[in-house]
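# Topology and contacts: notes
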Amino acid sequence: MNDKLMKALIAVILVTAVSLSLSVPHDTDAAATTATIDGITYELTDSGGVRTAAVSGDTSVKGDVKIPENVTYQGSSYKVTSFAKGFSGNKNITSVTLPSGIEGLPNSCFMNCTGLKTADLGGVSTISTKCFMGCSALTTVKAENVMSVMSDGFSGCSALSNAKFGNLLNIGAHAFLNCSSMTSISFDDNAGFGSGSLVGTGIKNPVIAGSTLIYVPPSTTSYKIPSNVVMINGEAFRDVKMDSITVPGTVITVGNAAFADAKIKSITFEDEVLGIGDNVFRSTKAADSVLEYVKLPASVTYLDTYLFSNCSKLKSIVIPSGVTTIADRAFNNCTALTSISMSSPIFFGTGAFSGCTALETFVFSDGSTPGPSMFKDCTSLKKVVLCGSMTQISENMFNGCVSMTQFEIPSHIRTIGSGAFAKSGLTSVVIPATVEPSGLGDNLFQQATSLEKATFMSSYIKVPGRCFDGCSALASIETYGMIDVMQASAFFKCPKLKEVVVHTGVPFYNSRGFSDDVGSANKASYTMGDLFVKDASGNYYVPVKVPSGSGYADARVYVEAAKSALEVGSDCTGVAYSVLQGTVGKGGRLAGAAFETANGSVYKGDELLYTVPSTTAPAVREGTKTLGPMSLHTLDAATSLYIPASVDRICTYSVYSAPKLATAVFGGSPELDIHALDLGDAEVYFRNGGYDPEAHGSLALAGYYVDAGKNRVLISINDTSNTEFNEIHDSGSVAFYVRPLVGY
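Here's what I pulled together on the structure shown here. Please read these numbers as outputs of a predicted model, since none were measured by experiment.

Check the secondary structure of the protein and you find 3 helices and 58 strands. Classification of the 744 residues of the protein by burial places 53% in the buried group. Considering only residue pairs separated by 6 or more positions, the protein has 33% of its internal contacts joining residues 24 or more positions apart. For the protein, the accessible area works out to roughly 30200 Å², and carbon and sulfur atoms hold 48% of it.

Rendered as structure tokens:
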């Protein structure tokens, strides 16, 4: 490490270290006596014969304040060594003189003493945080023992023109902020400066401490950064106006907010610059930003928080290939940004491009990870291409993207976060079968007022609270499996929702979402009551549409049964899972043209809908093609299970919670929906040459799986590296056996 960089780092460390010990507190071990002497209040302490006094300032003191070296009380002398309380907010004192015995001052000691004009600080060695902040009349400070001025020490002292300090080693952040009458400052060659320590002063020339560029005056119209500079201090270029500047490769790091609120149109970084802090180009007000172009250094790997926030003139940016992270709100409110070029995998923080109202398209690099609210309120955004490695759409990712009318959710997506498409411009949406059963977040499409239709492809999916709340144009929902509405609020304020299209025998888990039992406080917001109809026998059904020829036919799905025996007409196409539990599951009966009950199981055509939990040896009948969602769920007594070769699809949660299951035999290689099977500790056998994932093409390789128990191997169909499957060919023609794999 070269000497210049070493000195710069030492200076930064000193600033941090000194900030931990800003003042000398008064002794609190002995009981204190409060006394007013010559108009000043003190706290007097006698500790084993050592008598000390601490000044206790208040707003009643006026004029010139002179604190003596010692005070006498009841015949005893006390040395004045500290402050118990400062004079903060006292507008009536005009000068202050302190003794040599006081070496430290409490934070904010004279803050906003707007009548204070002069200060002789005696033995004080450190100006504490906000010590004289807001003392707008202060012109003269004599502080020849002071070596450190902490953050905001003299901030806002606009009249300060005559200040004499000792050998300053540490100047904290904003220490002399807006001290506009201050035209010079002396400091040690190795002094450390905090961010923006000289911003707003009257200093006319750039200030360099060691190898760190501290301050460039706003009047500077052209500047070449010297070759000896290795660090640019925070806020060094604040308010500077110039057309362009180049940061040379000799600079190693650029401090936080170094160019914040600067009026510079073009900034070029040579590739050797290694680090750029947060808020570096940020504009406090978007309307004030003039930055149009930035060439980032090739060596940078991290784009920090609020880096370009409110840069309203920035139209394009090239992200260097070495960048791995774009942090929270790095490009927040870059309202002119239309082009973003990147080529490497990037982790994006919260709101990385939120408020970029001109951005129309975005393509993720392979391997990237999106962040929450990433495109929130990007009102022109129409197209986003997700990379194949992504498995989630983050919460609020497209919230407020009103121009996004279409978005195809890819089959590799497993979860969609809360509010991801809230207030978006989507007109229709299809939730793919690969989304996890609990993969939809709350408020998902809330107030997406253009959304007209929602389609669910999953064999089982939970619809969370306020999922479609306020979707005032939503007219139709279509489900290819079972939807489980978690809260009635899922469809609040959907006045046009009159059509439900179903494709299975158990399209709903229960009546939640249709029932008007939502509480009196929510009645005004609930708009699905007319989809909850009571028949003459006291049973409730939902009017639905079912595919019929080239069109649709009217039908019913019963969602509540008045008794354990339910007899339905030919127009009944399905029932809620809760109806099966309340009828057949309780020893009752379900009768209807579409349903058949045999040996404790309910079928609709070639689909198994339900099996009574008390069944000890469930046998799926030959010819069955589909095991519906939850069709073999909660088999508390079952010890064995046989699934015939005719079954070509096993839906989500088909076999779940069978604690006594010892053996499961599969006659074929069915397509497995996500979370299709939980086989506990059962021994699992596949006949006819073992399980053949290729029989179902890409679908079976898209992440569907069997869970063979927490202590057993997870059969992951898309895990081609798992070579531990054991094919055992024996006289019984059993060809596949899942063994426990420790540590897998």
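On we go.
Turning our eyes to something else, we now look at a nonpolar patch on the surface. Together, V430, M457 and Y480 line one region of the surface with nonpolar side chains, adding up to about 220 Å² of accessible area. You can see V430 is positioned in strand β32 (residues 428-431). Residue V430 is classed as partly exposed on the basis of its relative accessible area of 41%.

A positive phi angle, close to 60°, is found at A257, a residue other than glycine. In this fold, A257 is placed in the loop between β19 (253-254) and β20 (263-269). The backbone of H675 sits at a positive phi, close to 55°, despite the residue not being glycine. On the secondary structure map, H675 appears in the loop between β53 (671-672) and β54 (677-678). For H675, a relative accessible area of 14% puts it in the buried group.

Sheets are built from strands that pair by backbone hydrogen bonding, the pairs being arranged parallel or antiparallel. Strand order in the open sheet made by the 6 strands is β44-β45-β46-β47-β50-β53, with mixed pairing throughout. Here the strands that pair on one side only, and so sit at the sheet edges, are β44 (596-598) and β53. Across 3 bridges, β44 lies against strand β45 (residues 601-604) in antiparallel orientation. Its bridge partner being in β45, T597 is matched across the sheet by V602.

Right, let's talk about the nonpolar core for a bit. Of all hydrophobic cores here, the largest spans 133 residues; its most connected members are F237, F331 and F375. Setting aside its immediate chain neighbours within four residues, F331 contacts L303, F308, L314, I317, I319, I326, L337, A352, F353, S354 and C356.

Our focus in this paragraph is the pairing of strand β35 (residues 476-479). Two faces belong to every sheet, and in a regular strand the side chains alternate between them. Burial along β35 is two-sided: the face carrying S476 and E478 and the face carrying I477 and T479 are both buried. Direction of pairing for β35 relative to strand β37 (residues 499-502): parallel, over a ladder of 4 bridges. If you follow T479 over to β37, its bridge partner there is V502.

Turning our attention to empty space enclosed by the protein. Taken as a whole, this structure holds 3 cavities of 30 Å³ or more when the rule is applied. Here the largest cavity is characterised by a volume of approximately 70 Å³. Around the largest cavity sit F259, D261, A262, I264, I267, F281, R282, S283, S289, V290, L291 and C311, which together line it. Grouping the amino acids of the lining of the largest cavity by side-chain chemistry returns 8 nonpolar, 2 polar and 2 charged.

A word on the side chain of S631. Looking at the element boundaries, S631 is found in the loop between β47 (626-627) and β48 (632-633). Exposure remark for S631: the relative accessible area of 0% places this residue in the buried category.

On to the pattern of salt bridges, then. The full count for this structure, using the stated rule, is 14 salt bridges. Of the charged contacts in the structure, one is a salt bridge between E596 and R621, with a shortest N-O distance of 3.0 Å. One end of the pair, E596, is in strand β44; the other, R621, is in the loop between β46 (607-611) and β47, with 25 residues separating them in the sequence. The class for E596 is partly exposed, based on a relative accessible area of 40%. Here R649 and D673 are joined by a salt bridge, their closest N and O atoms 2.8 Å apart. Of this pair, R649 sits in strand β50 (residues 649-650) while D673 sits in the loop between β53 and β54, and the two are 24 residues apart along the sequence. Taking relative accessible area as the criterion, R649 reaches 25% and is therefore assigned partly exposed. Three or more residues are tied together by salt bridges with common partners; here these are E235, R238 and D261.

Our next topic: the side chain of S458. Here S458 is to be found in the loop between β33 (453-456) and β34 (460-463). In terms of polar contacts, S458 uses its side chain to reach the backbone carbonyl oxygen of P432, at 3.3 Å.

Mapped onto the fold, C135 is located in the loop between β9 (126-127) and β10 (140-143). Expressed as a C-alpha distance, the spacing of C135 and L160, which sit 25 residues apart in the sequence, is 9.0 Å. Every residue in contact with C135, bar those within four places of it in the chain, is listed here: F110, N112, C113, L116, G156 and C157.

Moving on: the state of the cysteines. Here the structure, examined in full by the defined rule, presents 0 disulfides. Of the cysteine sulfurs around C113, a residue in no disulfide, the closest is that of C135, at 5.1 Å. Since its relative accessible area comes to 0%, C113 is described here as buried.

This next bit is on the environment of A433. Within the secondary structure layout, A433 lies in the loop between β32 and β33. Classification of A433 by relative accessible area gives partly exposed; the value is 26%. Residues A433 and Y460, spaced 27 residues apart in sequence, show a C-alpha to C-alpha distance of 8.5 Å.

This part is about the sheet that holds strand β13 (residues 170-171). Overall, parallel pairing links the 4 strands, which are arranged β9-β11-β13-β14 in an open sheet. The open sheet terminates on both sides in strands that have one partner only, identified here as β9 and β14 (192-193). Bridge count between β9 and strand β11 (residues 148-149): 2 bridges; the pairing is parallel. For T126, the partnering residue across the bridge sits in β11 and is S148.

Parameters at a glance
Think of each chain on its own: its residues are numbered from 1, step by step along the sequence as written. Local features are withheld for residues below a pLDDT of 70 in this predicted model, meaning they are given only at 70 or higher, and side-chain atom pairs are given and counted only at 80 or more; totals for whole chains, interfaces and linings count all residues. Side-chain numbers come from the whole structure's heavy atoms, not from hydrogens or water. Starting at the N terminus, helices and strands are each numbered in turn, a helix being any DSSP run of H or I of at least four residues and a strand any DSSP run of E of at least two. Per-residue accessibility, obtained with a 1.4 Å probe over protein chains only, is compared with the maximum for each type, and a residue is labelled buried under 20%, exposed over 50%, and partly exposed between these values. Working rule for contacts: check all heavy atoms of both residues, and any pair within 4.5 Å makes them a contact. For the accessible areas, the method is Shrake-Rupley and the probe is 1.4 Å, while residue cover comes only from the protein chains on display. By definition, no residue in a patch forms a salt bridge, and every one has over 30% relative accessible area; like charges are joined within 9 Å, nonpolar side chains (Val, Leu, Ile, Met, Phe, Trp, Tyr) within 5 Å. Definition used for salt bridges: Asp or Glu carboxyl oxygen within 4 Å of a side-chain nitrogen of Lys or Arg. Two strands are said to pair when DSSP picks up at least two bridges between them. We define the nonpolar core as a collection of buried residues of types Ala, Val, Leu, Ile, Met, Phe, Trp, Tyr and Cys that are connected through side-chain atoms lying within 4.5 Å of one another. Lining residues are defined by having an atom within 4 Å of a point belonging to a cavity or pocket. Those points lie on a 1 Å grid over the protein atoms alone, cavities being sets where a 1.4 Å probe fits but cannot get out and pockets being open sets with protein on both sides within 12 Å along at least five of seven lines. Grid points are joined across faces, edges and corners, and a volume is the space filled by probe spheres set on the points. Throughout, the ten residues Ala, Val, Leu, Ile, Met, Phe, Trp, Tyr, Cys and Pro are labelled nonpolar, Asp, Glu, Lys and Arg are labelled charged, and all others, Gly among them, are labelled polar. The definition of a polar contact used here is a pair of N or O atoms within 3.5 Å, where within protein one atom must be able to donate a hydrogen and the other to accept one, and adjacent residues in sequence count solely through side-chain atom pairs. Disulfides are defined in this document as cysteine sulfur pairs within 2.5 Å.

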